[in-house]
Amino acid sequence: MDKGYEKEQFAALKVKVSVARKFRSFSKRQGKSHSMTLLAMVEFFDHNGISPDERMHETIASLKYLIKRRFNSMVAIMRSIEKEQTLPTVSMIQALFQQELEHEGDEEWEGDFEFYEKQLTEIITPTNPELLDLETTVPKIRYVGLEEQMEELKEDFAYVLDHVSEFKNHFGKNHLKLDLNPEAIEKYRTKLKNM
């Protein structure tokens, strides 16, 4: 018997024979009585707000997989934004504030604000050049980038030096021979121009 519906009476429904066969086989696959299978189907459509006439071209499992993939790609985009934009910006701002705090803590600044306001709006030669004699510091991110470029230059230079050999000339001075193809030389030339 159907649990919770033992005392209810049965009602007859008129259904086409082919539809009744499909429904009976579906009920067997579900392992429930006809009443419980029909109740589960009606509750499913009501709960999910789906009309039986609407066709979902994908199965719910494939829709779940698609949503999960899109969610994972969204997470990857968020991590990329955090790594490439947010964190460097935050560290640059922190470096600037740290630099500003160091300057404030070292000495009391007695400069002329009007002078700097004029400098920002129009180009005027300074009347007090000693006010501009402040130490220039490079933010940490820029410093790290410059260090990486220096390491790349060292590696490239070592590679080029490894491909240089001394050529002994019997009639004149000895000279050096570079064993690199023209494409590699052009690559290093463009790399140096872009730095």
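Residues numbered from 1 in each chain as written. Predicted model: local features only at pLDDT ≥ 70, side-chain atom pairs only at ≥ 80, totals over all residues. Heavy atoms only, no water.

## Overview of the pattern of salt bridges
Right, on to step 1. Inspection of every chain in the model, using the stated rule, returns four salt bridges.
Right, on to step 2. Between lysine 191 and glutamate 152 there is a salt bridge, and its shortest N-O distance comes to 3.5 Å. A residue pair is termed long-range when its members are at least 10 positions apart, and lysine 191 in helix α6 (residues 182–193) and glutamate 152 in helix α5 (residues 140–162) qualify at 39 residues.
Right, on to step 3. Lysine 191 sits in the partly exposed class, given a relative accessible area of 28%.
Right, on to step 4. For glutamate 152, a relative accessible area of 35% puts it in the partly exposed group.
Right, on to step 5. For the salt bridge of arginine 189 with glutamate 186, the shortest nitrogen-to-oxygen distance reads 3.2 Å. Taken together, the positions of arginine 189 and glutamate 186, both in helix α6 and three residues apart, correspond to about one turn of that helix.
Right, on to step 6. Since its relative accessible area comes to 38%, glutamate 186 is described here as partly exposed.
Right, on to step 7. Through salt bridges that share partners, Glu152, Asp156 and Lys191 make up one connected network. (Salt bridge = Lys/Arg side-chain N within 4 Å of Asp/Glu carboxyl O. Helix = DSSP H or I, 4+ residues; strand = E, 2+ residues; numbered from the N terminus. Buried < 20%, exposed > 50% of the residue type's maximum accessible area, 1.4 Å probe, protein only.)

## Brief notes about the layout of surface pockets
Right, on to step 1. There is about 700 Å³ of room inside the largest pocket.
Right, on to step 2. Lining the largest pocket we find 19 residues, and of these Ala11, Leu13, His34, Ser35 and Leu38 sit closest to its centre.
Right, on to step 3. Secondary-structure elements contributing two or more residues to the lining of the largest pocket are α1 (17–30) and α2 (34–48).
Right, on to step 4. The element contributing the most residues to the lining of the largest pocket is α2, with five residues.
Right, on to step 5. Taken together, the residues of the lining of the largest pocket break down into twelve nonpolar, four polar and three charged. (1 Å grid on protein atoms, 1.4 Å probe; cavity = no way out; pocket = protein on both sides within 12 Å on 5 of 7 lines; lining within 4 Å. Points joined across faces, edges and corners; volume = space filled by probe spheres on them. Nonpolar A, V, L, I, M, F, W, Y, C, P; charged D, E, K, R; others polar.)

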